[in-house]
Every structure is written in C-alpha cells, then in structure tokens.
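So the chains spell out like this:
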Amino acid sequence: QDQFHACHVPLPLRTPSFPHMATGAAGPAATLAARALRRRLFVVGTPGLERCLERELQALRIPGRFEVQPGGVAVDGTNESLWRIALQSRVAESVRLRVGDPFHAPDERALASRLKTLPWEDSLDLDSEHPSAIPIVKATSSRSRLYHTRLLEDAAQAA
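Residues numbered from 1 in each chain as written. Predicted model: local features only at pLDDT ≥ 70, side-chain atom pairs only at ≥ 80, totals over all residues. Heavy atoms only, no water.

> How would you summarise the pairing of strand β5 (residues 72–77) if you had to cite specific residues and measurements?
Taken across its six residues, β5 has five buried, putting it largely inside the fold. Bridge count between strand β4 (residues 66–69) and β5: four bridges; the pairing is antiparallel. Opposite F66, over in β5, you have V75 as the bridge partner. Counted between consecutive antiparallel strands, the loop separating β4 from β5 contains two residues, among which G71 sits at a positive phi close to 90°. (Buried < 20%, exposed > 50% of the residue type's maximum accessible area, 1.4 Å probe, protein only. Helix = DSSP H or I, 4+ residues; strand = E, 2+ residues; numbered from the N terminus. Pairing = 2+ DSSP bridges.)

Set out below in structure tokens:
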C-alpha cells in the first residue's frame, strides 16, 4: 500500500523550442536513436474531456495505443510524439513523461535509493546548463505513509 506510483516529469505545453535538445553531442545518429525510443506519456486534459482529447490525438495522427484514464490519456510514444502533442494539441493541458515503473517505498530511505536507480539520463538532458533543462518536480501522495509532498519532490530532485 505504500507505493510510489510513478515519477512523472511535467512538461509545459506552450514553451519555446529547446535548441540544446535538438541534436545531441554524439551527433545525428544518437539523435535519431533518441527520437525512436518509446516512452510512456500521460497527456493531461480537463476532467470529462478525456474522450475528446483521445479523438484529437488520433486526428493529429499520434501513433500508439491510447488508454483513456481519469484526467487524461496514456500513450506509448517517442520524443517526436511528445513534442507534437505539446505543440499541436489544443485540448491537452500538459504532457507528462513517466520515468521508470511503480515501486514500493515504505520509508524515505527506500524512496531515495529507488529514485537513484531510475533511468533519469534516458529521459532528461541533465548535463545541460540551459535553465529550461532543469525539470519541475511535482508530487502527490495518497494512502501512503510518505504523505509529505515536499519531501517527495526534494527526494526526486536529489536523485
């Protein structure tokens, strides 16, 4: 019951392009490989408009199987899908990127150690000094002994 359900990195929708993320230091081949990597995305929408959001994503020809959930739509997608949704969707409020799988964390120490094992470098450009590369971490907690959201956010930032 004390489970850290997922670590989502919310990405703002109406953001200028990030030129530092356009091509990696390893060159175009690495950029193409990163674009093809499939990730679990959660597209947040207004409650009650989830089906409308799903239809819009289909109309935008976002590839993948959509799973309508309360508050949005989950889809496996590439970086290209993520940015196309963020820049072209008019119904989506934000796009969240799932980092890793849910895990059991009964206390703060277990949470910190499990967060350090997540593949952050696969999802975020942590070496960049560009201010927009620093992720905004927001946490929620329900039915858990780790109920202090600031502690959860700080632990994720420290990882």
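So, next bit.
> Tell me what's going on with the packing of helix α4 (residues 108–116) against helix α6 (residues 149–158), and back it up with residues and numbers.
At a closest axis distance of 9 Å, the pairing of α4 and α6 adopts a crossing angle of 35°. Here α4 and α6 pass one another in a crossing that is right-handed. In this structure, α4 uses E108, L111 and L115 to contact α6, whose residues at the interface are L151, L152, A155 and A156. When the residues that make up the contact of α4 with α6 are grouped by side-chain class, the tally is six nonpolar, no polar and one charged. (Axes fitted to C-alpha atoms, helices over the stretch in contact; angles between N-to-C directions. Left-handed = near helix turned anticlockwise from the far one by under 90°. Contact = heavy atoms within 4.5 Å. Nonpolar A, V, L, I, M, F, W, Y, C, P; charged D, E, K, R; others polar.)

> Hey, could you go over the nonpolar core for me, with residue numbers and the actual values?
Counting residues in each nonpolar core, the largest one holds 15 residues, and the members touching the most others are L41, V43, L53, L57, I62, F66 and I85. Among the elements of the structure, β3 (39–44), α2 (50–59), β5, α3 (79–88) and β6 (94–99) are those that each provide at least two residues to this core. It is α3 that contributes the most residues to this core, three residues altogether. Among the nonpolar cores identified, the runner-up in size contains 13 residues, and F103, W120, A139 and A155 belong to it. (Core = buried A, V, L, I, M, F, W, Y, C linked by side-chain atoms within 4.5 Å.)

> Give me the lowdown on α4, citing residues and values where you can.
Regarding α4, the residues found buried are A110, L111 and L115. Burial along α4 is one-sided: seen end-on, the buried residues are contained in an arc of 130°. α4 presents R109 and K116 as exposed residues on the side facing more than 90 degrees away from its buried surface. The backbone nitrogen of R109 has a side-chain oxygen 3.3 Å away, supplied by the residue at the start of α4, namely D107. (Arc of directions from axis to C-beta. Polar contact = N/O pair within 3.5 Å; in protein donor to acceptor, adjacent residues only side chain to side chain.)

What is shown is where atoms sit, not what they do.
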